[in-house]
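Examination of the molecular architecture
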Amino acid sequence: MEGASIMLVAERYRQILQLVNERGSVRVNELSQICKVTEETIRRDLDRLESEGRLMRSYGGAVRIEPQTAETSYLLRETAHVTEKQRISVKAVQCIEANDRIVLDASTTAWHMAAHMPDIPLTVLTNSLKVTLLLSEKKNIHVINAGGMLVANSLSFVGPLTEQSLDEYYVNKAFISCHGVHMERGISEANELQARVKRKMIGIADEVYVLADHSKFDVQAFTMIGGWNQIHHLITDARTPDEYIEKLERMSIRAIRLEE
């Protein structure tokens, strides 16, 4: 009987994964009916499958892990719009005050921020390995890394452990970059795992700064990070059109556009 039970569990895992991968997402109550087990059993199954990296839990169910949303390598991102990113990062650093508690994402703009950051008393929470190593050289800055699953392309940590780690903290300011800035829908990211981490960062911050050069506007990437009601400031470069700056200000967002 014990062998039969193991086979039943394995078959249920296979069926759950097949449904999640075919549909993209599936709810706990639906899986409970299909597999003819309790919702509590399904939740335990989903927890186990997530720990094995075979799916990702979502509110009320699970979603598939999208292989096609692999991140652009750090080397390629470092060479795109470098001048704009550097200038945006310098302005962002000017928004930081001594004794602030801040969170930085794993973007190249955040890395430029770390490079320009003065050695003053700060607490910096980040999921970026490069930011962690760079700030470790500044003795007055207390650095906390939200560890988890290391993504080689971006040298960042993502996944359930990273998200759980972020839940333990509270910060004054979050500095978030993104793949897309859409005037109606908000900000978005090409990679779902990174989007989930950035969503958590927004949730633990008093003030949210979005760092986006002009090339990010009018782009709707794969996964939403957050709506404009969650964002307080946006820093961009001089090539971002007037109409976008005016629209952001009408939404009570402080839009900082750098001069040429």
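First, a word on what this report is: a plain description of the structure on this page. Treat the numbers as computed from the prediction; the structure is a model and nothing was measured. (Residues numbered from 1 in each chain as written. Predicted model: local features only at pLDDT ≥ 70, side-chain atom pairs only at ≥ 80, totals over all residues. Heavy atoms only, no water.)

1. Details of helix H10 (residues 242-250)
Buried within H10 we find Tyr 244, Ile 245 and Leu 248. Down the axis, H10 shows its buried residues gathered within 100° of arc, on one side only. Residues of H10 that are exposed and angled more than 90 degrees away from the buried face: Glu 243 and Arg 250. Elements that come into contact with the buried residues of H10 comprise strand E14 (233-236) and strand E15 (254-257). Positive phi shows up at Ser 252, right after H10, with a value of about 65°. (Buried < 20%, exposed > 50% of the residue type's maximum accessible area, 1.4 Å probe, protein only. Helix = DSSP H or I, 4+ residues; strand = E, 2+ residues; numbered from the N terminus. Arc of directions from axis to C-beta. Contact = heavy atoms within 4.5 Å.)

2. Concerning the pairing of E14
Along E14, one buried face is formed by His 233 and Ile 235 and the opposite face, lined by Leu 234 and Thr 236, is buried too. By the bridge criterion, three bridges tie strand E12 (residues 205-211) to E14 in an arrangement that is parallel. Bridge pairing in E14 places Tyr 209 opposite His 233. Strand direction decides the pairing type here: E14 and E15, joined by four bridges, are parallel. Paired with Leu 234 across the two strands is Ala 255, which belongs to E15. Once you follow E14 into H10 and on to E15, the crossover reads as right-handed. (Pairing = 2+ DSSP bridges. Right-handed = clockwise from strand over helix to strand, strands pointing away.)

3. Some remarks on the pattern of salt bridges
Across all of its chains, the model carries 14 salt bridges by this definition. The salt bridge partner of Glu 11 is Arg 14, with a shortest N-O separation of 2.6 Å. Of the two residues, Glu 11 and Arg 14 both sit in helix H1 (residues 2-23), three residues apart, roughly one turn of that helix. Residue Arg 14 is classed as partly exposed on the basis of its relative accessible area of 41%. Shared partners join several salt bridges into a network, and the residues in it are Glu 39, Glu 40, Arg 43 and Arg 44. (Salt bridge = Lys/Arg side-chain N within 4 Å of Asp/Glu carboxyl O.)

4. Structural notes on unusual backbone geometry
Its identity as a non-glycine residue notwithstanding, Lys 36 has a phi of 60°, on the positive side. Within the secondary structure, Lys 36 sits in the loop between helix H2 (28-35) and helix H3 (39-51).

5. Regarding the nonpolar core
Judged by nonpolar contacts, the single largest core of 36 residues is most densely connected at Leu 125, Ile 187 and Trp 228. Looking at this core, the elements that each hand over two or more residues are strand E9 (171-177), helix H9 (192-203), E12 and H10. With five residues, H9 is the single largest residue contributor to this core. The contact partners of Ile 187, leaving out residues within four places of it in the chain, are Ile 176, Cys 178, Gly 180, Val 181, Ile 202, Val 210, Met 224, Ile 225, Gly 226, Trp 228 and Ile 231. Ala 92, Ala 110, Met 117 and Leu 122 belong to the second-largest nonpolar core, a separate cluster that totals 23 residues. (Core = buried A, V, L, I, M, F, W, Y, C linked by side-chain atoms within 4.5 Å.)

6. Thoughts on the packing of aromatic side chains
One pass over the structure, following the stated rule, counts two aromatic pairs. Summarising the aromatic geometry, the rings of Phe 175 and Tyr 209 are spaced 4.7 Å apart at their centres and angled 20° between planes, so their arrangement reads as stacked. Residue Phe 175 is found in strand E9, and its partner Tyr 209 is found in strand E12; the two are separated by 34 residues along the sequence. By relative accessible area, which is 1% here, Phe 175 ends up buried. Between Phe 217 and Tyr 244, the aromatic rings sit 5.4 Å apart at their centres with planes inclined by 5°, giving stacked as the arrangement. Remark: Tyr 244 occurs in helix H10 and Phe 217 occurs in the loop between E12 and strand E13 (223-226); sequence separation between them is 27 residues. Across from the ring centre of Trp 111, 4.6 Å away, lies the NZ or CZ of Lys 130, which sits over that ring. (Phe/Tyr/Trp six-rings, centres within 6.5 Å; stacked < 30°, edge-to-face > 60°. Lys NZ or Arg CZ within 6 Å of the ring centre and 35° of its normal.)

7. Observations regarding the sheet that holds E13
Within the open sheet, the three strands sit side by side as E10-E11-E13. Their pairing is antiparallel. Single-partner strands in this sheet number two, and they are strand E10 (180-182) and E13. Between one strand axis and the next, the sheet turns through 35° on average, direction left out of account. Inspection of the sheet shows E10 paired to strand E11 (residues 186-189) by three bridges, in the antiparallel sense. Considered in E11, the bridge of His 182 is made with Gly 186. With respect to the sheet, H9 is in contact with E11 and E13, its orientation differing from that of E13 by roughly 10°. (Axes fitted to C-alpha atoms, helices over the stretch in contact; angles between N-to-C directions.)

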